[in-house]
Amino acid sequence: MKIDGKNYRSIWQENDRIWIIDQTFLPHEVKITELQDLAAATFAIREMQVRGAPLIGATAAYGLAIAMRENASDTNLADAFDALLATRPTAVNLRWALERMRGLLANLPATERPAAAMTEAAKIANEDIAINEAIGNHGLEVIRTIVAAKKDQGPINILTHCNAGWIATVDWGTALAPIYKAIEAGIDLHVWVDETRPRNQGAALTAWELGAHGVPHHVIVDNAGGHLMQRGLVDLCIVGTDRTTAAGDVCNKIGTYLKAVAAKDNGIPFYVALPTPTIDWTIEDGLQIPIEQRAATEVTHVWGQGSDGSRQSVLVTPAKSPARNDAFDVTPARLVTGLITEVGVIDASPTGLASIRKDAA
Ligand code: MRU
């Protein structure tokens, strides 16, 4: 997608060098950083310079490729795999990408690993783009159905949570891909952007992306969604996911569950957009998904731009109040209207998931 009219991916390769947009500086600065070594790749994922389930997977793949460039021995392959896997626990794309890379590399002589690893990482990144564009096309049909039901009574209002846009993937995004496709198709729409405390991925990243692509939107506080739904101001919810189980339970950014409950109570369709590498076929019950516990300082402090333009963190709680920071929650399948995948829209149910298993990446 574009920044100031120029096409970007969220991670890209130039010759043998790998670059990312450091998302901790957005929306106020577009800072581009090189992943020079394995340590830089693990740091980028852990400290959320890159984030979003598909992008975490692609970055891990490139991280393993960079590690092979440094030392392609069996021991280093195992150590790099473990170091990357330990960066973040919830998004299953991380494990998916690493296992795919290791599956290929373990069968090759060490001399062939560096080149093969770079090729495979690039393949994973390119596939992610194609997958997300397909999600966009399937999601566009969902949006068209809502438009038809609304019978030209004003724009359709879509609520989204966190950032599942192009910078959460290699390109296009998951939840935002149908929105970009709908804008391309000339559909009149407006997006409610949940701010998504504590790290404000909605306010900082989704609003930045939508603004750059001319998508009408308003940022709302996290607690506003239910109220807007009661007033008839939300026609559709679309969110992303970090891990969806084989029975259709959806793990996503903290606060997603409450939006799904409110959507159900108000009869509003609640869709989840996901690439099939986000499906954890080994788990049925979403409550078994490991939920990342992050630093309390993300709750007690907020990052922003000061009046002098500098990046600042301010304390918003009493200095001694403890805080708890669960980064994700689980929305049970019964609250999900449908899953928008690259192979089509399916029911969030064991049968729905089973119907696409043979076509899944
Ligand atoms: O903690 P983050 O910013 O990595 O969480 C991101 C999300 O929860 C996204 O909604 C999810 O990864 C889907 S991204 C296409």
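All residue numbers refer to positions counted from 1 along the written sequence of the respective chain. Per-residue local features are limited, in this predicted model, to residues with pLDDT of at least 70; the limit for side-chain atom pairs, both in listing and counting, is 80 or more; totals at the level of whole chains, interfaces and linings are taken over all residues. Remark: hydrogens and water are excluded; side-chain values derive from all non-hydrogen atoms of the structure.

1. Focus: the domain arrangement of the protein
Reports often express the size of an interface as the amount of accessible area lost when the parts come together.
Here is step 1 of the chain: By convention here, the domain bounds are inherited from an automatic or database domain assignment. Each assigned domain of the protein is listed here: domain 1 (2–126) and domain 2 (136–359).
Here is step 2 of the chain: The gap between the C-alpha centroids of domain 1 and domain 2 is 24 Å.
Here is step 3 of the chain: Reported buried area values correspond to the accessible surface (1.4 Å probe) lost by two parts on association, with both partners' losses combined. At the boundary of domain 1 with domain 2, total buried surface from both sides reaches about 2700 Å², with 56% on carbon and sulfur atoms.
Here is step 4 of the chain: One side-chain nitrogen of Lys or Arg within 4 Å of one carboxyl oxygen of Asp or Glu is enough to make a salt bridge. Our count for the contact surface shared by domain 1 and domain 2 stands at two salt bridges.
Here is step 5 of the chain: Put simply, Glu292 and Arg88 hold a salt bridge, and the shortest N to O gap is 2.8 Å.
Here is step 6 of the chain: For this analysis, a polar contact is any N or O atom pair within 3.5 Å, provided that within protein one partner can donate a hydrogen and the other can accept it, and provided that sequence-adjacent residues contribute only side-chain to side-chain pairs. Across the domain 1-domain 2 interface, the total number found is 16 residue pairs in polar contact (both at pLDDT 80 or more).
Here is step 7 of the chain: Put simply, DSSP H or I for four residues or longer makes a helix, DSSP E for two residues or longer makes a strand, and each gets a number counted from the N terminus. When contributions to the side of domain 1 that touches domain 2 are tallied by element, the ones reaching two or more residues are strand S1 (2–3), helix H2 (53–70) and helix H4 (93–105).
Here is step 8 of the chain: The dominant element in the side of domain 1 that touches domain 2, judged by the number of residues it contributes, is H2, at four residues.
Here is step 9 of the chain: Tallied by class, the residues present in the side of domain 1 that touches domain 2 amount to 18 nonpolar, seven polar and seven charged. Gly is placed with the polar residues, together with every amino acid not listed as nonpolar (Ala, Val, Leu, Ile, Met, Phe, Trp, Tyr, Cys and Pro) or charged (Asp, Glu, Lys and Arg).

2. Examining the sheet that holds strand S11 (residues 250–253)
Here is step 1 of the chain: Two strands are said to pair when DSSP picks up at least two bridges between them. Across the sheet, which stays open at both edges, the four strands sit in the order S13-S10-S11-S16 with mixed pairing between neighbours. Pairing within the sheet leaves two strands with one partner each, and these edge strands are strand S13 (279–280) and strand S16 (328–331).
Here is step 2 of the chain: For strand S10 (residues 243–245) and S13, the ladder comprises two bridges, and the chain directions are parallel. Within S13, the position partnered with Thr244 by the bridge is Ile279.

3. Section: the nonpolar core
What tends to happen in soluble globular proteins is that the nonpolar side chains get buried as a cluster.
Here is step 1 of the chain: To qualify as a nonpolar core, a set must consist of buried Ala, Val, Leu, Ile, Met, Phe, Trp, Tyr and Cys residues joined through side-chain atoms within 4.5 Å. Only protein chains enter the accessibility calculation, which uses a 1.4 Å probe. A residue is then buried if its area is under 20% of the maximum for its type, exposed if over 50%, and partly exposed in between. In terms of nonpolar packing, the biggest core is built from 80 residues, with Ile11, Met101 and Trp166 touching the most fellow members.
Here is step 2 of the chain: Per-element accounting of this core gives the leading share, 14 residues, to helix H5 (residues 113–150).
Here is step 3 of the chain: For this core, the domains that each give at least three residues are domain 1 (2–126) and domain 2 (136–359).
Here is step 4 of the chain: Listed in part, the 26 residues of the second largest apolar core include Val239, Ala263, Val272 and Ile346.

4. A closer look at the sheet that holds strand S17 (residues 338–341)
Two orientations exist for strands paired in a sheet by backbone hydrogen bonds: parallel and antiparallel.
Here is step 1 of the chain: An order of S8-S7-S6-S9-S12-S17-S18 is seen for the seven strands of this open sheet, with the pairing classed as mixed. Sheet topology places strand S8 (217–220) and strand S18 (344–346) at the edges, where each strand pairs with a single neighbour. Direction aside, the axes of adjacent strands within the sheet are offset by 25 degrees on average.
Here is step 2 of the chain: Across three bridges, strand S12 (residues 270–273) lies against S17 in parallel orientation. The residue of S17 that forms the bridge with Val272 is Leu339.
Here is step 3 of the chain: A contact between two residues is defined here by any heavy atoms of the two lying within 4.5 Å. Comment: axis = line fitted to C-alpha atoms, over the contacting stretch for helices; angle = value between 0 and 180 degrees taken between N-to-C directions. Strand contacts of helix H6 (residues 177–184): strand S6 (156–160), strand S7 (189–194) and strand S9 (236–239), with the helix running at about 155 degrees to S7, the strand carrying the most contacts.
Here is step 4 of the chain: Along the sheet, helix H7 (residues 201–212) makes contact with S6, S7 and S8, crossing S7 at roughly 160 degrees.

5. As for the packing of aromatic side chains
Here is step 1 of the chain: Here is the rule: rings of Phe, Tyr and Trp (six-membered ring for Trp) pair when centre to centre is within 6.5 Å. Planes less than 30 degrees apart are stacked, more than 60 are edge-to-face, and the remainder are tilted. A full pass over the atoms with the stated rule returns two aromatic pairs.
Here is step 2 of the chain: Their ring planes at 35 degrees and their centres at 6.2 Å tell us that Trp166 and Trp208 sit as a pair that is tilted. Here Trp208 lies in helix H7 and Trp166 lies in the loop between S6 and H6, a separation of 42 residues in the sequence.
Here is step 3 of the chain: Among the residues examined, Trp166 registers a relative accessible area of 1% and is labelled buried.
Here is step 4 of the chain: Lysine NZ or arginine CZ positioned within 6 Å of the ring centre and within 35 degrees of the ring normal marks a charge as sitting over the ring. We note Lys253 situated over the ring of Phe328; from NZ or CZ to the ring centre the distance is 4.0 Å.
Here is step 5 of the chain: Positioned above the aromatic ring of Trp303, the side-chain terminus of Arg311 is 4.2 Å from the ring centre.

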